[in-house]
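So you can see what is in the structure, the chains are spelled out below.
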Amino acid sequence: MNLKPLLDKLATCEQQAAARAEQLREQITELSAQLREAEQELENLRISRKTVLVLPDEDDPQSPAHEPPALPDHPDYQRILDAFSTADRPLRARDLCEALDTGMEPKRIEGMRSKLKRLVKRGILEESTPGEFHPVRP
């Protein structure tokens, strides 16, 4: 039995398959580069959108940049801000407990400190030095 024609045909098919595989590898490399470029452009556009959304709209006085930060829903927070409006120096949690007559027990002072920290997180107060709070200045 003569296998030479069959082996020649298999060799030809193998060469064609190898050439096709090489072409596909080149296309994958090229497409991967194009994909990286497209993903980078997409990321840049997302960053641009985020940046534009936080810019104040000069024509719209109701834009989010003009709105003051919202107070938590509890009357103590307004009382705290009222105390700061009459203060001429940074206040400590103990000072506010005394000014608001909430009691001077450690649990009251810690509760006040928690409220002050909450107002710092919302951008309403600043903690200039540890434990001393004052309103954010524009």
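Above this note sits the structure.
Residues numbered from 1 in each chain as written. Predicted model: local features only at pLDDT ≥ 70, side-chain atom pairs only at ≥ 80, totals over all residues. Heavy atoms only, no water.

1. A look at the pairing of strand β1 (residues 125-129)
For a regular strand, side chains alternate in direction, first toward one face of the sheet and then toward the other. The test is simple: The criterion for strand pairing is that DSSP finds at least two bridges linking the strands in question. Put simply, DSSP marks the helices as runs of H or I at least four residues long and the strands as runs of E at least two long, and each gets a number from the N terminus on.
Pairing of β1 with strand β2 (residues 132-135), which is carried by 4 bridges, proceeds in the antiparallel orientation. In the sheet register, E126 faces β2, and the bridge partner there is H134.

2. Focus on the side chain of K115
Put simply, the rule is: Exposure is judged per residue with a 1.4 Å probe applied to protein chains only, and the accessible area is read against the type maximum: over 50% gives exposed, under 20% gives buried, and values in between give partly exposed. Residue contacts follow a heavy-atom distance rule, with two residues in contact if any of their heavy atoms lie within 4.5 Å.
Mapped onto the fold, K115 is located in helix α4 (residues 106-121). Overall, K115 belongs to the buried group, its relative accessible area being 19%. For K115, the contacting residues outside a window of four places in its chain are D76, Y77 and I80.

3. Section: helix α2 (residues 75-86)
Test applied: Every helix has an expected span of 1.5 Å times one less than the residues it contains. By arc we mean the arc of the directions from the helix axis to the C-beta atoms, nothing more.
In a regular helix each residue adds 1.5 Å, so 12 residues correspond to 16 Å; α2 covers 18 Å between its end C-alpha atoms and thus fits that length. Listed as buried for α2 are Y77, I80, A83 and F84. Looking down the long axis of α2, one finds its buried residues gathered within 120 degrees of arc, a one-sided arrangement. Every exposed residue of α2 that faces more than 90 degrees away from the buried side is listed here: P75, S85 and T86. Lining the buried residues of α2 we find α3 (93-100), α4, β1 and β2.

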